[in-house]
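Given next are the chains, with one letter for each unit.
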Amino acid sequence: MQTMQLVMAAVLAIQQPVPPLPPLPGRFPILVAPQLDALTVAFDGLQGLEGLAGLEGLQGLEGLEGLGGLEGLDGLEALDPVSPLASQDPQDPTDSLWRAAHQAFNRGDYTSAANLYGDIARRYPSTARAGDALYWAAFALYKNDDLSRARSLLVTQQRQYSKAATLRDAAALFARIQTALAKQGDEEAGRWLTQHAQPDTTRAQSCPTEDDDEDMRIAALNGLLQMDAANAVPILKKVLARRDACSAGLRRKAVFLVSQKHADETEAILLDVAQHDPDAEVRQQAVFWLSQVPTDRAVAMLDSILRTTGDAELREKALFALSQQHSPRAGQILRTYAENANAPSEAREKAIFWLGQQHSSENAAFLRGLYAKLADQDLKEKVIFSLSQMHEADNTAWLMDIALNEREQIEMRKKALFWAGQTGGDLTQLSGLYDRMQNREMKEQLIFVYSQRHEAAAVDRLIQIAKSEQDKELRKKAIFWLGQSHDPRAAQVLLEIINQ
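Residues numbered from 1 in each chain as written. Predicted model: local features only at pLDDT ≥ 70, side-chain atom pairs only at ≥ 80, totals over all residues. Heavy atoms only, no water.

Describing the overall build of the protein chain
Of the regular secondary structure elements, the protein chain holds 25 helices and zero strands. Evaluated residue by residue, the protein chain yields a buried proportion of 52% over its 500 residues. Put simply, of all contacts in the protein chain between residues at least 6 apart along the chain, 64% involve residues at least 24 apart. (Helix = DSSP H or I, 4+ residues; strand = E, 2+ residues; numbered from the N terminus. Buried < 20%, exposed > 50% of the residue type's maximum accessible area, 1.4 Å probe, protein only. Contact = heavy atoms within 4.5 Å.)

Here it is in structure tokens:
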């Protein structure tokens, strides 16, 4: 019976192409950068901080890639919408023109696209598509740097097609065109940017559910900031000085714009907002973007927030911002917080995580020492993970020590063994561990570790286990993982087991 089960395991190993990978140990922090709403800036930057080799969990940190070099939002292709086919009606006289224009736009033939969309507006001005066609014609002209004609078409759309579906997108495109024209010396465009960047102090007390003017104002502010920071920063300060609930969305966007222009006043503005803005989200975003202000005052403010705030999200942003400072004081604040037994466990986990991302020998030594002081299993697990990310020989040796320490809890030993294998632990040492291990769970974990290594010695060890292990279940696991190997020796062993 036992032989038959092993044969079946070998057959299944050959047939099964994709193994049901066990879940990776550990939980990883999720830090989401401030949402920019109508700016639609999807900074996919560190999608999950994926130096972690495919680990799920770090969804976010949108906005950290190349922060120093961002000049506002200009040129981000994420802002370009995709032309819809709209409703398809064979009886609609514009249908064939619309399709041809759409296809030309998608293949990058913007001259043809502009002409075809323009034909719809000229030949069929009363149809439902006429207003949207003007927008797409303007967009095609914009892509071809024919800015004045593009602007003219958008003005026509605004005047004649006030209910067009693309009117809001057209407003954002108009602001981009005005910015580009102003950079070329167009005085009219420059005046428009200055005028529309100004905050509206005459708004009604009720908050509208959708504010096209606000989007336009932010777009104008962004354009002005790129051209003339000296004039834009005072306007941004006026926007941020408002404290009414209706302007909270506008202030959130203004905080982002301030953070992207490293003017002399950037630090003071962000610090003021972080301390005094009545909206929690606005404060959180100011703290988040303090990560880009490497000054002693910024670090002191972040330290104060950690020690005093009860807002978990604000605390999380402060921890992240400190991790980006790269100053000795910021590092010490993170280490002090990580070992603070009175701090919330989740926040301590994040501090430990960010320490592990800095790859410093000082942090590594601290984390190894911290592990011995911890009782919380989640915190210990986070230390194991963080040390594994530093890819240093001392840390790998420490992980192996934890894996071999029979006084440690089995789950911690398994996690340490897993990460030791993932981070390039010596395969000779890992291979020799199997015969020394008495715990069955640890042997099972070792089989999985071998399966994830690509060296020939790892396959040799799996073959040895598949042939000689007395524990039937462990042999079956080794057989299964051999079936996922592309090594011809593995295929030969499986055939031998099947034919025995």
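What to know about unusual backbone geometry
Positive phi, close to 65°, is recorded for Asp145, a residue that is not glycine. With respect to the helices, strands and loops of the structure, Asp145 is situated in the loop between helix H4 (130-143) and helix H5 (147-160). A positive phi angle, near 55°, is found at His391, a position not held by glycine. In this fold, His391 is placed in the loop between helix H18 (377-388) and helix H19 (393-404).

Points about the side chain of Asp303
With respect to the element layout, Asp303 can be found in helix H13 (residues 296-308). Apart from the residues lying within four places of it in its own chain, the contact partners of Asp303 are Arg329 and Ile333.

Observations regarding the confidence of the model for the protein chain
Averaged over all residues, the pLDDT of the protein chain is 78; the fraction at 70 or higher stands at 77%. Low pLDDT, under 50, characterises residues 17-82; the predicted model gives this stretch 139 contacts beyond four residues in sequence or across chains. (pLDDT = per-residue confidence, 0-100.)

A short note on the nonpolar core
Core analysis: the biggest nonpolar cluster contains 102 residues, and Leu367, Val383, Leu430 and Leu482 have the highest contact counts within it. If you look at the next biggest cluster of nonpolar residues, it comprises 34 residues, including Ala114, Ala170, Leu181 and Ala219. (Core = buried A, V, L, I, M, F, W, Y, C linked by side-chain atoms within 4.5 Å.)

What about the packing of helix H23 (residues 456-468) against helix H25 (residues 488-499)?
Between H23 and H25, the least distance of the axes is 10 Å, while the angle of their chain directions is 10°. With respect to H25, the element H23 is oriented roughly parallel. For the pair formed by H23 and H25, the contact residues are Ala456, Val459, Asp460, Ile463, Ala466 and Lys467 on the first element and Arg489, Ala490, Val493, Glu496 and Ile497 on the second. (Axes fitted to C-alpha atoms, helices over the stretch in contact; angles between N-to-C directions. Parallel < 35°, antiparallel > 145°, perpendicular 65-115°, else oblique.)

Some words on H5
Every α-helix winds through 3.6 residues per turn, so residues three or four apart in the chain are directed the same way. Spanning 14 residues, H5 covers 20 Å between terminal C-alpha atoms, matching the ideal 20 Å at 1.5 Å per step. If you check which residues of H5 are buried, you get Leu147, Ala150, Arg151, Leu154 and Gln157. Buried residues along H5 cover an arc of 120° about the axis, so they all sit on one side. Seen from the buried face of H5, the exposed residues on the opposite side, beyond 90 degrees, are Arg159 and Gln160. (Expected span 1.5 Å × (residues − 1). Arc of directions from axis to C-beta.)

Quick notes on empty space enclosed by the protein
Scanning the model with the defined rule gives two cavities of 30 Å³ or more in all. Computed from the structure, the second largest cavity encloses a volume of approximately 40 Å³. A class-by-class count of the residues in the lining of the second largest cavity yields seven nonpolar, one polar and two charged. (1 Å grid on protein atoms, 1.4 Å probe; cavity = no way out; pocket = protein on both sides within 12 Å on 5 of 7 lines; lining within 4 Å. Points joined across faces, edges and corners; volume = space filled by probe spheres on them. Nonpolar A, V, L, I, M, F, W, Y, C, P; charged D, E, K, R; others polar.)

Quick look at the packing of aromatic side chains
Per the counting criterion, the structure on display carries 21 aromatic pairs. On the basis of an interplanar angle of 85° and a centroid distance of 4.8 Å, the ring pair of Phe418 and Trp419 is categorised as edge-to-face. Each member of the aromatic cluster is reached from another via a ring pair, and the members are Phe256, Phe288, Trp289, Phe320, Phe353, Trp354, Phe385, Phe418, Trp419, Phe448, Phe480 and Trp481. (Phe/Tyr/Trp six-rings, centres within 6.5 Å; stacked < 30°, edge-to-face > 60°.)

Looking at helix H16 (residues 345-356)
The end-to-end C-alpha distance of H16 is 17 Å, a good match for the 16 Å that 12 residues give at a rise of 1.5 Å each. Most of H16 is tucked away: 10 of the 12 residues are buried. For H16, the full list of buried residues reads Ala347, Arg348, Glu349, Lys350, Ala351, Ile352, Phe353, Trp354, Leu355 and Gly356. Of the surrounding secondary structure, the elements contacted by the buried residues of H16 are helix H14 (312-323), helix H15 (328-338), helix H17 (361-373) and H18.

A few points about the side chain of Ser451
Position of Ser451 relative to the elements: it lies in helix H22 (residues 440-451). Note on Ser451: relative accessible area 18%, which makes it buried. Within the structure, Ser451 has its side chain in polar contact with the backbone oxygen of Phe448 (distance 2.5 Å). Ser451 has contacts with Leu462 and Trp481, leaving out every residue within four places of it along the chain. (Polar contact = N/O pair within 3.5 Å; in protein donor to acceptor, adjacent residues only side chain to side chain.)

Examining the pattern of salt bridges
With the rule as written, the count across this model stands at 30 salt bridges. Here Glu473 and Lys476 are joined by a salt bridge, their closest N and O atoms 3.7 Å apart. Separated by three residues within a single helix, Glu473 and Lys476 lie in helix H24 (residues 472-482), roughly one turn from each other. Classification of Lys476 by relative accessible area gives partly exposed; the value is 26%. (Salt bridge = Lys/Arg side-chain N within 4 Å of Asp/Glu carboxyl O.)

Details of the environment of His454
Structurally, His454 is set in the loop between H22 and H23. The exposure class of His454 is exposed, given its relative accessible area of 79%. Along the primary structure His454 and Asp487 are separated by 33 residues, whereas in three dimensions their C-alpha atoms are 9.6 Å apart.

Some details on the environment of Asp279
Mapped onto the fold, Asp279 is located in the loop between helix H11 (266-276) and helix H12 (280-289). Separated by 35 residues in the primary sequence, Asp279 and Asp244 have C-alpha atoms spaced 9.1 Å apart. Ignoring any residue separated from it by four or fewer positions in sequence, one finds Asp279 in contact with Ala248, Arg251 and Arg252.

A look at the packing of H14 against H15
Each packed pair of helices is defined by two parameters, the angle between the axes and the distance between the axes. Running from N to C, H14 and H15 point in directions that differ by 135°, and their axes come no closer than 8 Å. The angle between the axes of H14 and H15 places the two elements in the oblique class. Side by side, H14 and H15 meet where Arg315, Leu319, Leu322 and Ser323 of the first sit next to Ala330, Ile333, Leu334 and Tyr337 of the second. For the contact of H14 with H15, the class distribution of residues is six nonpolar, one polar and one charged.

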